[in-house]
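If you want the building blocks of each chain, they are given just below.
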Amino acid sequence: MSEASFYTESARGATRDAVKEVEARTSAEIVVALRRVSGSYRDADYLAGFLLAIVTLFVMLFAEHGFPLLSFPATMIGAFVAGAFFSTSVAPLRRALTQPARRRAQVGAAARAAFVDLGISRTTGRSGVLVFVSLLEREVEVVADIGVDPVLLGEDWTRAVAALRVSMRPAPTFDAFRAALLGLAAPLEQGMPRAADDVNELPDEVAAT
Amino acid sequence: MSTPRRLLRPRSSLSSLRTSALPALVALAALVATVLVVTSAAARPGGGSSFGGSSRSGGGSSGGGGGSGGGDCTWIIEIVVFLFQLTFEHPVIGVPLDVGIIVAIVWWVRQQGGAKTMTDWSSGGGSGGAVSPAAPVVASSTPSRVARKQLFLVVAQADPGFSLVLFEDFAYALYAAVHEARGRNQADALSPYLAVEAIGHLSREAQGVTEVRAIVVGALRYLRTVASNGARRVEVTLEFEANYTEIDASGRSQSYYVVERWTLSRSRAARSRKPEMARIVGCPNCGAPLSSVRGNTCAYCHQVVNTGEFDWMVDSIVEVEKTKRPPQLTGDTAEVGNDFPTVIDPDAQARYQALTRRDPSFSWQHLTGRVALVFGEMQVAWSTLEWKRARPFVSDQLFQMLSYWMDTYRHEKMRNVTENGRIMRIELAAVISDAHYDAVTLRVFATSLDYTITDGGKVVSGSRSTERAYTEYWTLIRGSNATTRAVSDRVCPNCGAPLDISMTGNCTSCKVKVTAGEFDWVLSRIEQDDVYG
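Residues numbered from 1 in each chain as written. Chains lettered and ligands numbered in written order. Predicted model: local features only at pLDDT ≥ 70, side-chain atom pairs only at ≥ 80, totals over all residues. Heavy atoms only, no water.

## Some remarks on the overall build of chain B
No. 1: Looking only at helices and strands, chain B has 11 helices and 12 strands in total.
No. 2: Per-residue burial for chain B yields a buried fraction of 47% across its 533 residues.
No. 3: Taking all contacts inside chain B whose residues are at least 6 apart in sequence as the whole, residues at least 24 apart take part in 69%.
No. 4: Total accessible area on chain B stands at roughly 25,700 Å², and carbon and sulfur atoms take up 56% of it. (Helix = DSSP H or I, 4+ residues; strand = E, 2+ residues; numbered from the N terminus. Buried < 20%, exposed > 50% of the residue type's maximum accessible area, 1.4 Å probe, protein only. Contact = heavy atoms within 4.5 Å. Areas by Shrake-Rupley, 256 points an atom, 1.4 Å probe, with all protein chains shown as cover.)

## Examining the overall build of chain A
No. 1: Scanning chain A for helices and strands turns up 8 helices and 5 strands.
No. 2: The helix and strand sequence of chain A, counted from the amino end, reads α-β-α-β-α-α-α-β-β-α-α-α-β.
No. 3: Within chain A, contacts between residues at least 6 apart in sequence are counted, and of these 73% link residues at least 24 apart.
No. 4: Working note: accessible area of chain A is about 8,100 Å², and carbon and sulfur atoms make up 61% of it.

## Looking at the sheet that holds strand 9 (residues 414-433) of chain B
All names here are of chain B.
No. 1: Read across the open sheet, the 4 strands follow the order 9-10-11-12; overall the sheet is antiparallel. In this open sheet, the two edge strands, each paired with only one partner strand, are strand 9 and strand 12 (522-528). Within this sheet the neighbouring strands show an average axis-to-axis angle of 30°, counted without direction.
No. 2: Docked against the sheet, helix 8 (residues 364-384) engages strand 9, strand 10 (437-454), strand 11 (459-479) and strand 12, running at close to 155° with respect to strand 9. (Pairing = 2+ DSSP bridges. Axes fitted to C-alpha atoms, helices over the stretch in contact; angles between N-to-C directions.)

## Remarks on the packing of aromatic side chains
All names here are of chain B.
No. 1: Tallied over the entire structure, the rule returns 18 aromatic pairs over all chains.
No. 2: Geometrically, the ring pair formed by Tyr175 and Trp262 is tilted, given 5.1 Å between the ring centres and 35° between the ring planes. Of the two residues, Tyr175 is situated in helix 5 (residues 164-183) and Trp262 in strand 5 (residues 253-267); the sequence distance between them amounts to 87 residues. Note on accessibility: Tyr175 and Trp262 belong to one class, buried.
No. 3: The positively charged end of Arg391 is found above the aromatic ring belonging to Phe399, 4.4 Å away from the centroid.
No. 4: If you follow Arg425 out to its NZ or CZ, it ends over the ring of Phe445, 3.7 Å from the centre. (Phe/Tyr/Trp six-rings, centres within 6.5 Å; stacked < 30°, edge-to-face > 60°. Lys NZ or Arg CZ within 6 Å of the ring centre and 35° of its normal.)

## Some thoughts on the pairing of strand 10 of chain B
All names here are of chain B.
No. 1: With 16 of its 18 residues buried, strand 10 lies for the most part within the structure.
No. 2: Examined bridge by bridge, strand 9 and strand 10 share 16 bridges and lie antiparallel to one another. In the sheet register, Arg422 faces strand 10, and the bridge partner there is Thr447.
No. 3: What sits between strand 9 and strand 10 in their antiparallel hairpin is a turn of 3 residues.
No. 4: Two strands pair when backbone bridges link them, and strand 10 and strand 11 are joined in this way by 16 bridges, in the antiparallel orientation. Within strand 11, the residue paired with Asp438 across the bridge is Arg478.
No. 5: Between strand 10 and the antiparallel strand that follows it, strand 11, lie 4 residues; Gly457 among them carries a positive phi value of about 95°.

## Topic: the nonpolar core
Residue and element names in this part refer to chain B.
No. 1: Residues Leu151, Leu174, Tyr175, Leu238, Trp262 and Trp312 are the most contacted members of the largest nonpolar core, which totals 52 residues.
No. 2: At 11 residues, the largest contribution of residues to this core is made by helix 5.
No. 3: Trp312 has contacts with Leu151, Val155, Phe162, Phe167, Phe170, Tyr193, Val234, Val236, Leu264, Ser265 and Arg266, leaving out every residue within four places of it along the chain. (Core = buried A, V, L, I, M, F, W, Y, C linked by side-chain atoms within 4.5 Å.)

## Focus: unusual backbone geometry
No. 1: Residue Pro170 of chain A is bonded to the preceding Arg169 of chain A through a cis peptide linkage, with omega at -10°.
No. 2: For Pro170 of chain A, the location among the structural elements is in the loop between helix 6 (150-166) and helix 7 (174-182).
No. 3: The phi dihedral of Asn185 of chain B falls on the positive side, at around 60°, and the residue is not glycine.
No. 4: By relative accessible area, Asn185 of chain B is classed as exposed at 52%.

## Digging into the side chain of Thr15 of chain A
No. 1: Within the secondary structure layout, Thr15 of chain A lies in helix 1 (residues 9-23).
No. 2: Leaving out residues up to four positions away in the same chain, Thr15 of chain A has contacts with Val32 and Phe174 of chain A together with Trp121 of chain B.

## Here's the deal with the pairing of strand 11 of chain B
No. 1: Strand direction decides the pairing type here: strand 11 of chain B and strand 12 of chain B, joined by 6 bridges, are antiparallel. The residue bridging Glu472 of chain B from the neighbouring strand is Gln528 of chain B, located in strand 12 of chain B.

## Side note on the pattern of salt bridges
No. 1: If you walk through the whole model with that rule in mind, you get 34 salt bridges over all chains.
No. 2: Its salt-bridge partner being Asp156 of chain A, residue Arg159 of chain A comes within 2.6 Å of it at the nearest N-O pair. Residue Arg159 of chain A and its partner Asp156 of chain A are both found in helix 6; the two are separated by 3 residues, about one turn of the helix.
No. 3: Judged by relative accessible area, Asp156 of chain A falls into the partly exposed class, the value being 45%.
No. 4: Residues Glu168 of chain B and Arg148 of chain B are paired through a salt bridge, measuring 2.6 Å at the closest nitrogen-oxygen approach. (Salt bridge = Lys/Arg side-chain N within 4 Å of Asp/Glu carboxyl O.)

## Observations regarding the environment of Gly496 of chain B
No. 1: Residue placement: Gly496 of chain B occurs in the loop between strand 11 and strand 12.
No. 2: A C-alpha to C-alpha distance of 10.0 Å links Gly496 of chain B and Cys507 of chain B, two positions 11 residues apart in sequence.

## Considerations on the packing of helix 8 of chain B against helix 10 (residues 396-411) of chain B
Residue and element names in this part refer to chain B.
No. 1: Orientation of helix 8 relative to helix 10, taken along the N-to-C sense of each, is 30°, at an axis distance of 9 Å. Classified by the angle between their axes, helix 8 and helix 10 sit roughly parallel to one another. Contact with helix 8, carried on its side by Met378, Ala381 and Trp382, involves Leu402, Trp405, Met406 and Tyr409 of helix 10 and no other residues of that element. (Parallel < 35°, antiparallel > 145°, perpendicular 65-115°, else oblique.)

## Section: the packing of helix 1 of chain A against helix 7 of chain A
Residue and element names in this part refer to chain A.
No. 1: In contact at an axis separation of 9 Å, helix 1 and helix 7 are set at 15° when each is read in the N-to-C sense. On the basis of the axis angle, helix 1 is roughly parallel to helix 7. The handedness of the crossing between helix 1 and helix 7 comes out as right-handed. In this structure, helix 1 contributes Ala11, Ala14, Thr15, Ala18, Val19, Glu21 and Val22 to the contact, and helix 7 contributes Phe174, Arg178, Leu181 and Leu182.
No. 2: Counted by class, the contact of helix 1 with helix 7 contains 8 nonpolar, 1 polar and 2 charged residues. (Left-handed = near helix turned anticlockwise from the far one by under 90°. Nonpolar A, V, L, I, M, F, W, Y, C, P; charged D, E, K, R; others polar.)

Next comes the structure, spelled out in structure tokens:
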């Protein structure tokens, strides 16, 4: 699965190197955070269970084989539970049962929470940029601190951020993501050039969270 | 404050819980309703104890699920039906088989996703919710020189005419103007430069005070530079170390030593003043006298001027220390920082080279010669309390500070004497060139005899026999258009007449101001090792 490529040691190392490469050109501080999922989506699981239960009901009603009457309640409940449980492990099913706008909102909220939890704002120039990747939703959210002015960075920045999101479609591939991450360097260098005495205030090392 | 790790895990917020629970409840309700309908249908005459398939009774087939048509998926349905049948007719076999199939499917799916190794990660330290200790604390740990340089870089990016030298001139002038206004209880007259919070602080400090005078800024440090409000504004926090004298209603005067932190901000779209306007505290937009400002609008330019859109505005004033103590003139304080490594700006050499390319007559030899001249003249002026000797070689602000101390010593009938002073070596620390000035910071290693004596000749501190080694960071400034070779002789750099400078810094022969750096290097800042680094 393409998502698995994000979890390899080589991916972590490549991310660290890409962050260093970007920060070598700009005073902005880049942090990349990877999450398997940014929401609960329990409702989607319930919906999957319900649909499976309905399908099971129709099968039991119209199949040639007869079923004891008392088997219906247990079978329905069992199908519901099985469907819900199955949905927790099958990301495409969860995506199919949720609205894209809802997934984007979920990722946005999780990204902002991670911005606080990871201390992205603890830079002297308030120049932190969080690149938040959520694989189930196939979304990338870029959260920049107040010292990073999107207006100042211009259209190039907008395109670079859009390229990050595109790297998750139709399926996330790490190489595409890495290339898009490096694409942040040019607009950041233009608007926030690195000074010779810039201090790397947010470590580039990758660690589990 | 560390944040509980659980906040990093996806969990339902209250709103999403409501969102997710409702469909689930609807699904369950529908399921139960379906079961009840089915159950009640079974109670109808002819429903029997088993129910399934079509409406046939005992045979035949009609409707879906049978073998008519749709043959592609029939075998899957048959397997599923078989499993269901096995589960309920032979549960001892069927249930474990069903469980095993479900577990196998889930295991296969997770194996495909590499679930065992799929641990969320992040760069930036990824400390599981706690803030990385490597991330610096803003403000107090940032060296002044770093925050100062950051201010220059951030502001000059949008305002090429910005000059740190002129900004500091303005800051000094504003500080004095604000406290003078405070003494008259007229701080609100400076509302174009003061936010409401700052005016409130000053009003409280004005209680019982009728005048503030003899305002001398001893040191100005940069604590923090931030681009705020989506980087549309620049915010800088300065720390003033100063002395002033307050006169109360009964005419009594009291001197204070104060440390205050001022936070100033300005729109990044604002443009810096011309050098000749740097110290004028007038309308932030057009420079008209402040008396022309009615409310928040200038009567001349008709602009609302108390927004920080045109010039720096003081957002807040925090009093760190205010003590009724006279200046400390005696006491032996050990030198700190002599053995510190020199703090050298990474850009220093490159900018120094750029300076020499712009002014071929500029050289290290002449610069250090100028430093030696300034050093020598200041030693004599300081020891003899003759300000005239130092006046040509120091900026207005530095001279004001030196004068204050000289007056204080004189008032206390003492002198601080330095003898046999000599420079041991000079190292380049930093160079900043802006639209109007070049500023070169040097670390000066020197030694001298240093002692304080009364008018009667009694030594009250220091030693007349043991030399004291010390180092300081000296910043010299010069106008960016100046190309005159650094002069080591005591002549006016403009007219060449023997050097005779008035209190205001003007040559008494040509009347031109020669102490602002337009012609030659003048000493602008002196910083100790523990402050600079």
